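Coordinate inspection notes
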Amino acid sequence: AFLAIREGRAYRISRLPGLCALVSEAAGRAIPANHPVVGADIFSCETGLHLQGLFNDPATYEPYDPALVGARRRLLPGAKTGRRGLAAYLASIGLPDAEPDRPALAAFRKKSRELGRPPSRTELGGILRGTRRDTVSAANTAAASNHIF
C-alpha cells in the first residue's frame, strides 16, 4: 500500500479497508487497531510532541494522507500533551483565543488521567472555565490583601 501511494502504482488503495474487513469477517479475526494501513487507530495521536508536529505539518509523522485509505486523522490531546499542543487543539476545535496557562494545562492533564481518555469538548470547557475562575479569584484575593485600608 505504501509503495502504491508513494510511487503511484496502479492499486486501488481506497478499496483496501473494505477488502481487509471482508477477510477479517470471513476469518473470524478482528483487525488490530494498530495494524498498518487499515487499523482503526493508526492515524490517532495523543503524545504531546507528535500532536504538535501533526498540527503543524501532518507529513511530519504520516507517510500519506489518511483519506487515501478511507481513514481520518484523530488528534487526541491527553495526559502527555504540552501547552502548545493543547493550544493548537483548542484552535482546531474553534477556540483560538483559549491559550492554556499552567493551571489549565495541569487540570487538563489530571482530568485526562482520571478519565483514561481525552476530555470531551464540554469537559474541556469546564476545565478552562474552572481554572480561569480560580486564577481570577486568587488574583482578586491577593489584590484585596495587598490593599491598604
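Residues numbered from 1 in each chain as written. Predicted model: local features only at pLDDT ≥ 70, side-chain atom pairs only at ≥ 80, totals over all residues. Heavy atoms only, no water.

Broken down by element type, the protein chain carries six helices and two strands. Counting from the amino terminus, helix and strand elements in the protein chain follow one another as α-α-β-α-β-α-α-α. For the protein chain, with 149 residues in total, the buried portion stands at 28%. Total accessible area on the protein chain is roughly 9900 Å²; 55% of this is exposed by carbon and sulfur atoms. (Helix = DSSP H or I, 4+ residues; strand = E, 2+ residues; numbered from the N terminus. Buried < 20%, exposed > 50% of the residue type's maximum accessible area, 1.4 Å probe, protein only. Areas by Shrake-Rupley, 256 points an atom, 1.4 Å probe, with all protein chains shown as cover.)

Moving on to the pattern of salt bridges. As a working rule, side chains carrying opposite charge can pair if their charged atoms are close by. Scanning all chains against the criterion turns up four salt bridges. Of the charged contacts in the structure, one is a salt bridge between Arg73 and Glu62, with a shortest N-O distance of 2.7 Å. A residue pair is termed long-range when its members are at least 10 positions apart, and Arg73 in the loop between helix H3 (48–56) and strand S2 (74–75) and Glu62 in the loop between H3 and S2 qualify at 11 residues. Given a relative accessible area of 29%, Arg73 falls into the partly exposed group. Overall, the relative accessible area of 8% leaves Glu62 in the buried class. Note that Arg117 and Glu123 form a salt bridge whose closest N and O atoms lie 2.9 Å from each other. (Salt bridge = Lys/Arg side-chain N within 4 Å of Asp/Glu carboxyl O.)

Here we take up the packing of aromatic side chains. Under the counting rule described, the total for this entry stands at one aromatic pair. Centroid distance Phe43 to Tyr64: 5.7 Å. Interplanar angle 75°. Geometry classified as edge-to-face. On the criterion of sequence distance, the pair formed by Phe43 in the loop between helix H2 (16–27) and strand S1 (44–45) and Tyr64 in the loop between H3 and S2 is long-range, its members being 21 residues apart. Take Phe43 and Tyr64: they sit in the same class, and that class is buried. (Phe/Tyr/Trp six-rings, centres within 6.5 Å; stacked < 30°, edge-to-face > 60°.)

What follows covers the confidence of the model for the protein chain. Mean pLDDT over the protein chain: 78, with 85% of residues reaching 70 or higher. Within the protein chain, H2 carries the highest mean pLDDT (92), whereas helix H6 (residues 121–146) carries the lowest (57). Low pLDDT, under 50, characterises residues 134–149; the stretch is placed with three contacts to residues that sit more than four places away or in other chains. (pLDDT = per-residue confidence, 0-100. Contact = heavy atoms within 4.5 Å.)

We now examine the side chain of Ser112. Examined against the element boundaries, Ser112 turns out to sit in helix H5 (residues 102–115). Apart from the residues lying within four places of it in its own chain, the contact partners of Ser112 are Pro77, Gly78, Ala79, Arg117, Pro118 and Pro119.

Separated by 2.7 Å, the side chains of Glu62 and Arg73 make a polar contact. Residues in contact with Glu62, not counting those within four places in the same chain, are Phe43, Leu54 and Arg73. (Polar contact = N/O pair within 3.5 Å; in protein donor to acceptor, adjacent residues only side chain to side chain.)

Time to look at H2. Here H2 spans 16 Å end to end across 12 residues, near enough to the 16 Å set by a 1.5 Å rise per residue. Gly28 sits one or two positions beyond H2 and adopts a positive phi of about 70°. (Expected span 1.5 Å × (residues − 1).)

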